Amino acid sequence: MMPTDPTRRSALSVALLAHPDTRYDVDCWMADNGQPNGSVRHDTDRAWFTIQGRPTALRELAQALLRCAELTEQTYPAPAAPVVEGVA
C-alpha cells in the first residue's frame, strides 16, 4: 500500500492493479476550448477506469510508469528460468 502524503489533502485515493496482457482502449478528442485530449480506458465486468489528459501529461505519466517498472525490476530481479536438460 502506498504511504499517504501528509502535505496534500485528497478527496479520492485509488489503487489500480496492472496485470500482464490487459487490453487498454485509447481514444482522443478536442475539448470545447480547442485543447486536444486523450484517454486510456480499461473495462471489466466488475469495474472500469479511465485516465484522461493532455498529451504532455499522458507522456509524463507513461514515463513515470516506465521508471517504476525499471526500478522494480532492478530492486527485485526476476529469478532466472530453470534450465531443463534434455533426456537422452
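Residues numbered from 1 in each chain as written. Predicted model: local features only at pLDDT ≥ 70, side-chain atom pairs only at ≥ 80, totals over all residues. Heavy atoms only, no water.

Visitor: Is there a simple way to think about the packing of aromatic side chains in this case?
Guide: In this description, a pair of aromatic rings is defined by centroid distance and the angle of the planes. Going through the model one piece at a time under the given rule, you end up with one aromatic pair. The cationic tip of R41 hangs over the ring face of W48; the distance from NZ or CZ to the ring centre is 4.4 Å. (Phe/Tyr/Trp six-rings, centres within 6.5 Å; stacked < 30°, edge-to-face > 60°. Lys NZ or Arg CZ within 6 Å of the ring centre and 35° of its normal.)

Visitor: It is not clear to me how the pattern of salt bridges should be interpreted in this structure. Could you clarify?
Guide: A side chain with one charge may pair with a side chain of the opposite charge, provided their charged atoms come close. The final tally for this structure, using the stated rule, is one salt bridge. Two residues, R41 and D43, come together in a salt bridge whose shortest N-O distance is 2.9 Å. (Salt bridge = Lys/Arg side-chain N within 4 Å of Asp/Glu carboxyl O.)

Visitor: When you look at the sheet that holds strand β1 (residues 25–30) in this model, what are you seeing that I'm missing?
Guide: Where strands meet in a sheet, backbone hydrogen bonds hold them as pairs that are either parallel or antiparallel. With antiparallel pairing, the three strands of this open sheet are ordered in space as β1-β2-β3. A strand with exactly one partner marks an edge of an open sheet, and here the two such strands are β1 and β3 (48–53). Across the sheet, the axes of successive neighbouring strands diverge by a mean angle of 20 degrees, strand direction being ignored. Direction of pairing for β1 relative to strand β2 (residues 36–43): antiparallel, over a ladder of six bridges. Among the inter-strand pairings, D25 is bridged to a residue of β2, identified as R41. Contacting β2 and β3, helix α1 (residues 55–75) runs over the sheet at an angle of about 120 degrees to β3. (Pairing = 2+ DSSP bridges. Helix = DSSP H or I, 4+ residues; strand = E, 2+ residues; numbered from the N terminus. Axes fitted to C-alpha atoms, helices over the stretch in contact; angles between N-to-C directions. Contact = heavy atoms within 4.5 Å.)

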